[in-house]
Amino acid sequence: MSLKRYLTYFYAAAVVVAFWYIISFIIHLPIIPSPISVFINLYGIFMSKILVHAGFSLYRIFMGLMLSALIGVPIGLAMGYTPHLDSILSPVVYLLYPIPKIALLPVVMLIFGLGESSKIIMIMLIVIFQIIVSSRDAVKGIQKETYFSLKSLGAGRMDIFREIVLPASMPEILTSIRVGLGTAVSVLFFTETFGTKYGMGYFIMDSWMRVNYLDMYSGIIILSVIGLCLFLIIDLLEFLLCPWKH
Amino acid sequence: MIEIEDLTVRYRHKDGFFTALEDINLTIDDGDICAVIGPSGCGKSTLLYVLSGIIKDYEGKVLIDGRDVDPAGQRIGLILQDYGLLPWRTVYDNALLGLKIKDGGKGDIKYVRYIMEQLGLDGLAGRYPGQISGGQRQRVAIARSFILRPDILLMDEPFSALDAITREETQDIFLKIWDRYKVSTIIVTHSIEEAIYLGRRIVILSPSPGRIVKVMDNPLFGMDDLRLKNEFYMMEMEIRKIIKGEGPK
Ligand SMILES: Nc1ncnc2c1ncn2[C@@H]1O[C@H](COP(=O)(O)OP(=O)(O)OP(=O)(O)O)[C@@H](O)[C@H]1O
Ligand SMILES: [Mg+2]
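First, a word on what this report is: a plain description of the structure on this page. (Residues numbered from 1 in each chain as written. Chains lettered and ligands numbered in written order. Predicted model: local features only at pLDDT ≥ 70, side-chain atom pairs only at ≥ 80, totals over all residues. Heavy atoms only, no water.)

1. Examining the sheet that holds strand β6 (residues 76-79) of chain B
Residue and element names in this part refer to chain B. Across the sheet, six strands lie side by side as β6-β7-β8-β3-β9-β10; this open sheet has mixed pairing. Where the open sheet ends on each side, the last strands, each with one partner, are β6 and β10 (212-217). Going across the sheet, the axis of each strand differs from the next one's by a mean of 15 degrees, ignoring polarity. Sheet topology note: the strand β9 (residues 201-205)/β10 ladder contains five bridges and is antiparallel. Paired with Val203 across the two strands is Val215, which belongs to β10. Packing against the sheet, helix α8 (residues 230-244) makes contact with β3 (33-37), β9 and β10, and its axis sits at approximately 165 degrees to β10. (Pairing = 2+ DSSP bridges. Helix = DSSP H or I, 4+ residues; strand = E, 2+ residues; numbered from the N terminus. Axes fitted to C-alpha atoms, helices over the stretch in contact; angles between N-to-C directions. Contact = heavy atoms within 4.5 Å.)

Here it is in structure tokens:
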């Protein structure tokens, strides 16, 4: 979490924008506008046009991720810690995991309506399995020697869970949420192109339909920034929850 | 008191069993220190795993103070060969882990501070195991077992990562604390010198599968300036012969 690391983000952003600029210069088509005009456009429309969409998207993706973690992590940890539970639930998880749940969007919208809940549930349906499987494997991957000192102290199952299972798997849990975040952005975009007039997905697709490429790229930038902000929040969580890692 | 009768331990693996310890018979009286010495892989750590309740699947009988091994009911101080520290707990929390599990964290803070200071850990309390040296980690493990004030103390090469001077100092700290509480102790070591210095009795194990070759009473235990004495070298030679299989059985 050093300042130096954040400077590298600016560095990376500068490289991306420079690359983008060169491509727009070479190709010279309206579908790839120069980043400068996009930034000027973004400055002009952010407050008036984008902010409300950004708010909706942020809310949906945040809730989707948080609920996935709140439900998925305990299930995964319990499965990893209790072989009996694992043998019951693993087949179910393996069966559901590979189903292309994005195709279930119409069903979810039919059941949960066109409002916020169907979008949040859509994100959860897809992200939660990654989190469950990663949390479970994190617990299963703990070396048996790690338990020895607590065993020799006669520690109970709850003690062992608190002293070993939870902290040992925390870094991997956070990584699975990071991976889930990437997936969640894509799912969000997809769900926001149906049955809503709010959200970055809607804004970007709408701009595209209106052949307003400057607006479209402005939207893409903001959606990326939302993703980056959530990434940084997970970094911050790691800093707070895994202090021994630094 | 620790009583071991006809103990045989086998590890299970893919195609059958591996016998790590065979027919071990040993009694350790209250307030005794028993040094166990033997070549690498002969089953020394395995013996401590059995006594600390980590390995429950064995043949024979093992009793601590007349009862079966029961880590929940007994206070077993164990220093693991790899120290057994929790990477996510600070040095202080690691040192107090035993108290936390056994007594809900309540204990004699003065004694805790004394041990931490004696072992040179007082400046490291807030660090994590990943932020201290190997020898310091080993001293945290030693501190944890002392702070627990165990009924029996099991030490698996507890001074192996320390330099010669620190090792001798730490051995003396151990003897000082042992002298005060007279805990029945088994100390595993690969150093003959350490066995003579710390063991009232010395148990020599054979190469794998570990069997007891000889149990010696150590008349030199507790002698002042032991390391400078001639008897020390005589004893060392004798043990060396037994380990090499030349001495009297
Ligand atoms: N989990 C296991 N499965 C199979 N064999 C094992 C297992 N753990 C240990 N062994 C074998 O049991 C024997 C005794 O191991 P142990 O760790 O007790 O030796 P040790 O005397 O402590 O050795 P060292 O001095 O190197 O620490 C070794 O030969 C080892 O290969
Ligand atoms: Mg060993």
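2. Considerations on the site of ligand 1
Residues and elements named next belong to chain B. All residues in the neighbourhood of ligand 1 are listed as Tyr11, Phe18, Ala20, Ser40, Gly41, Cys42, Gly43, Lys44, Ser45, Thr46, Gln81 and Glu157. Here an oxygen atom of ligand 1 sits 2.8 Å away from a polar atom, N or O, in the main chain of Gly41. Residue Lys44 places a side-chain N or O atom 2.7 Å away from an oxygen atom belonging to ligand 1. Secondary-structure elements contributing two or more residues to the shell around ligand 1 are β2 (16-28) and α1 (44-51). The biggest single contributor to the shell around ligand 1 is α1, with three residues. (Near = heavy atom within 4 Å. Polar contact = N/O pair within 3.5 Å; in protein donor to acceptor, adjacent residues only side chain to side chain.)

3. What about helix α1 (residues 3-27) of chain A?
When the terminal C-alpha atoms of α1(A) are compared, their 37 Å separation across 25 residues agrees well with the 36 Å that a helix rising 1.5 Å per residue should span. Phi turns positive, to about 55 degrees, at His28(A), one or two residues after α1(A). (Expected span 1.5 Å × (residues − 1).)

4. Focus on helix α6 (residues 164-181) of chain B
Residues and elements named next belong to chain B. Helix length check: α6, at 18 residues, gives a terminal C-alpha distance of 26 Å against a target of 26 Å (1.5 Å per residue), a fit within 8%. Among the structural elements, β3, α4 (109-118), α5 (134-148), β7 (152-156), β8 (184-189) and α7 (192-198) are those in contact with the buried residues of α6. Directly after α6, the chain includes Lys182, whose backbone phi takes a positive value near 50 degrees.

5. As for the nonpolar core
Of all hydrophobic cores here, the largest spans 59 residues; its most connected members are Ile50(A), Ile61(A), Leu150(A), Ile177(A) and Met200(A). Going through the elements one at a time, α2 (35-81), α4 (105-112), α5 (116-140), α7 (157-191), α8 (200-209) and α9 (213-241) of chain A together with α3 (97-103) of chain B are the ones with two or more residues in this core. With 12 residues, α7(A) is the largest single contributor of residues to this core. Discounting residues that sit within four places of it in the chain, Ile61(A) has contacts with Ile123(A), Leu181(A), Ala184(A), Val185(A), Leu188(A), Ile226(A) and Leu230(A). (Core = buried A, V, L, I, M, F, W, Y, C linked by side-chain atoms within 4.5 Å. Buried < 20%, exposed > 50% of the residue type's maximum accessible area, 1.4 Å probe, protein only.)

6. Some remarks on the side chain of Thr196(A)
All names here are of chain A. Residue placement: Thr196 occurs in the loop between α7 and α8. A polar contact is formed between the side chain of Thr196 and the side chain of Arg60, at a distance of 3.5 Å. When neighbours within four sequence positions are excluded, Thr196 is seen to be in contact with Arg60, Lys119 and Tyr202.

7. Some words on the coordination of the magnesium ion (ligand 2)
Every protein donor of the magnesium ion (ligand 2) is accounted for by Ser45(B) (OG) and Gln81(B) (OE1), and the metal-donor separations fall at 1.9 to 2.2 Å. Separated by 36 residues along the polypeptide, Ser45(B) in helix α1 and Gln81(B) in the loop between β6 and α2 (91-95) bring together distant segments of the chain. (Donors = N, O, S within 2.8 Å, 3.2 Å for Na, K, Ca; no water.)

8. Some points on the interface of chain B and chain A
Contact with chain B, which involves 23 residues of that partner, is made by 19 residues of chain A. Taken over both partners, the interface formed by chain B and chain A buries close to 1800 Å², and the fraction arising from carbon and sulfur atoms is 66%. Looking at the side of chain B facing chain A, the largest losses of area belong to Ile54(B), Trp88(B) and Ile101(B), adding up to 35% of the total buried there. With a closest N to O distance of 2.9 Å, Arg89(B) and Glu163(A) form a salt bridge. Joining chain B to chain A, the criterion identifies seven residue pairs in polar contact (both at pLDDT 80 or more). Secondary-structure elements contributing two or more residues to the side of chain B that touches chain A are β6, α3 and α5 of chain B. A per-element tally of the side of chain B that touches chain A places α3(B) first, with five residues. Of the residues assigned to the side of chain B that touches chain A, the class counts are 14 nonpolar, four polar and five charged. (Buried area = accessible area lost by both parts, 1.4 Å probe. Salt bridge = Lys/Arg side-chain N within 4 Å of Asp/Glu carboxyl O. Nonpolar A, V, L, I, M, F, W, Y, C, P; charged D, E, K, R; others polar.)

9. What about the sheet that holds strand β1 (residues 2-13) of chain B?
All names here are of chain B. Taken in spatial order, the four strands line up as β2-β1-β4-β5 in an open sheet, and their pairing is antiparallel. Across the chains shown, the open sheet's two edge strands, defined by having one partner strand only, are β2 and β5 (67-68). Pairing of β1 with strand β4 (residues 59-64) involves five bridges; the strand directions are antiparallel. Residue pairing in the sheet places Thr8 in a bridge with Glu59 of β4. The strands touched by α1 are β1, β2 and β4; relative to β1, the strand with the most contacts, the crossing angle is about 110 degrees.

10. Describing a negative patch on the surface
Residue and element names in this part refer to chain B. A cluster of like negative charges, contributed by Asp29, Asp30, Asp65 and Asp151, occupies part of the molecular surface. Relative to the assigned elements, Asp30 resides in the loop between β2 and β3. The exposure class of Asp30 is exposed, given its relative accessible area of 58%. (Patch = residues over 30% accessible without salt bridge, like charges linked within 9 Å, V, L, I, M, F, W, Y side chains within 5 Å. Areas by Shrake-Rupley, 256 points an atom, 1.4 Å probe, with all protein chains shown as cover. Lys, Arg positive; Asp, Glu negative; His and termini not counted. Charge placed at Lys NZ, Arg CZ, Asp CG, Glu CD.)

11. Quick look at the packing of α8(A) against α9(A)
Residues and elements named next belong to chain A. Direction vectors running N to C along α8 and α9 enclose 160 degrees, while the axes themselves pass 7 Å from each other. If you check the angle between α8 and α9, you find them roughly antiparallel. The interaxial crossing formed by α8 with α9 has left-handed handedness. The segment α8 lies against α9, with Met200, Phe203, Ile204, Ser207 and Trp208 engaging Tyr213, Asp215, Met216, Gly219, Ile220, Ile222, Leu223 and Ile226. Looking at the contact of α8 with α9 residue by residue, the classes come out as 10 nonpolar, two polar and one charged. (Parallel < 35°, antiparallel > 145°, perpendicular 65-115°, else oblique. Left-handed = near helix turned anticlockwise from the far one by under 90°.)

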